[in-house]
Amino acid sequence: MLQHIAIVNVIWFLLALCFIIAFFLYKFSLKLPRSLERVFQNLIRYGKTKEDIKRPNWQHLFDVSKRCFYHFYAVSVMWNGLLLLFSLRSVVMSEALPDWLINALWCLTGRPRDAWKELHLSILLLQVLLWIHSFRRLLECLFVSVFSNGVINVVQYAFGLGYYVLLGLTVLSINASLPQSVPGPLFNQLTWHQVIGTLLFIWASLLQNRSLSLLAKMRTDSSGKVETLAHKMPCGGWFNLVSCPHYLAELLIYLAMSVCCGCSSMTWWLVVLYVLCNQALAAQFCHDYYRSKFEMYPRQRKAFIPFVL
């Protein structure tokens, strides 16, 4: 049985498990031994949620400015754009994927080379959506968001750089587990769930952009000039329901991608599980930060999911 468990599934499951454990350790105020607790807090927090914890001086040596977030999306735009190009050449010009890419996918899935001889429309759609998401986030980081002087740990930075590389390979690895494609033109594979998934993706992307724009406007004047880097209490839009609607939108974007492949890929559901755990932890940190900083913070507002969490 173990020989049928794909490495890519193990990777995403372990990542999700790490964040599940971290979430419950934080949520229920469970403490690790003192030295481990400091390292733990330094690794899971970033930005404003890192400001109020006491850290030894040596940890500051491994800080990276949060303004470097755009590096993650720049890497994703280039890498996933390259993978999309390979896929389009495979479909349009009947060229095989590069040997190094097939070897990487074989390592992740254990599936034979023929598994990527024909690519499903769902895979191309996921690649396009992932590239659009990365490109939009890159533009938002460069031209919309107003970052404070917050920092991230160099481990978080390295993970962020590798994350979208793994994600792009994960999208391609799903091709091996999808049902056999319909003969004929590629668009004969178009289904209702791909349309619904794309519509959900567009709506969630708009929600995320709107939420990030509202956060940026709290630091700028009417002309767009930055007035302050201080953290203010967010309000308006979905901020009236949750503290971090942009994190909720991120989850919905990945959920939309699962819908695009018919909700049939266990691998992508593990990715969704990871995103849920990761964003829930980050949202809970922000939520608790706001509640501690602003006395009049709305009690009914949840951290991440309206009326639930």
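For the structure itself, look to the data block above.
Everything quoted here is computed from the prediction, not taken from an experiment. (Residues numbered from 1 in each chain as written. Predicted model: local features only at pLDDT ≥ 70, side-chain atom pairs only at ≥ 80, totals over all residues. Heavy atoms only, no water.)

J.: So what about the packing of aromatic side chains? Which residues, and what values?
T.: This model, assessed by the stated rule, comprises 22 aromatic pairs. With 6.1 Å between their ring centres and 40° between their planes, Phe159 and Tyr163 make a pair best called tilted. Of this pair, Phe159 and Tyr163 both sit in helix H7 (residues 154-173), 4 residues apart, which is roughly one turn of that helix. Note on Tyr163: relative accessible area 10%, which makes it buried. When the centroid spacing of 5.8 Å and the interplanar angle of 40° are considered together, the rings of Tyr163 and Tyr274 count as tilted. (Phe/Tyr/Trp six-rings, centres within 6.5 Å; stacked < 30°, edge-to-face > 60°. Helix = DSSP H or I, 4+ residues; strand = E, 2+ residues; numbered from the N terminus. Buried < 20%, exposed > 50% of the residue type's maximum accessible area, 1.4 Å probe, protein only.)

J.: Quick rundown of the pattern of salt bridges? Include the residues and the values.
T.: When charged atoms on two side chains of opposite charge get close, those side chains can pair. Scanning the model with the defined rule gives 5 salt bridges in all. Of the charged contacts, one joins Glu140 and Arg136 as a salt bridge, the two residues approaching to 2.7 Å between their closest N and O atoms. Of the two residues, Glu140 and Arg136 both sit in helix H6 (residues 121-143), 4 residues apart, roughly one turn of that helix. Taken as a pair, Glu140 and Arg136 share a single burial class, namely buried. Among the ionic pairs, Asp288 bridges to Arg291, the shortest N-O distance being 3.0 Å. Note that Asp288 and Arg291 are positioned in helix H10 (residues 266-293) at a spacing of 3 residues, about one turn of the helix. (Salt bridge = Lys/Arg side-chain N within 4 Å of Asp/Glu carboxyl O.)

J.: Let's hear about the environment of His231: which residues, and what values?
T.: With respect to the helices and strands, His231 occurs in the loop between helix H8 (192-217) and helix H9 (245-260). The exposure class of His231 is buried, given its relative accessible area of 18%. Along the backbone, His231 and Arg219 are 12 residues apart, and their C-alpha atoms lie at a distance of 8.2 Å. Once residues within four sequence positions are removed from consideration, His231 is found in contact with Lys48, Glu51, Ser148, Arg219, Tyr289, Lys293 and Phe294. (Contact = heavy atoms within 4.5 Å.)

J.: I'd like to hear about the packing of H6 against H8, residue by residue, with values.
T.: Between H6 and H8, the least distance of the axes is 12 Å, while the angle of their chain directions is 10°. Comparing the axis directions of H6 and H8 gives the class roughly parallel. From H6, Leu121, Ser122, Leu125, Leu129, Ile132, His133, Arg136, Arg137 and Glu140 reach across to H8, where they touch Gln194, Thr198, Phe201, Ser205, Gln208, Asn209 and Leu212. Split into classes, the residues belonging to the contact of H6 with H8 amount to 6 nonpolar, 7 polar and 3 charged. (Axes fitted to C-alpha atoms, helices over the stretch in contact; angles between N-to-C directions. Parallel < 35°, antiparallel > 145°, perpendicular 65-115°, else oblique. Nonpolar A, V, L, I, M, F, W, Y, C, P; charged D, E, K, R; others polar.)

J.: Describe helix H1 (residues 7-27), with residues and values.
T.: Compared with the 30 Å implied by 1.5 Å per residue over 21 residues, the 30 Å span of H1 between its first and last C-alpha is a close match. By the burial criterion, the buried members of H1 are Val8, Asn9, Trp12, Leu15, Ala16, Ala22, Phe23, Leu25 and Tyr26. Of the surrounding elements, those touching the buried residues of H1 are helix H2 (34-44), helix H5 (99-109), H7 and H10. Remark: Ser29 follows H1 within two positions and exhibits a positive phi of approximately 55°. (Expected span 1.5 Å × (residues − 1).)

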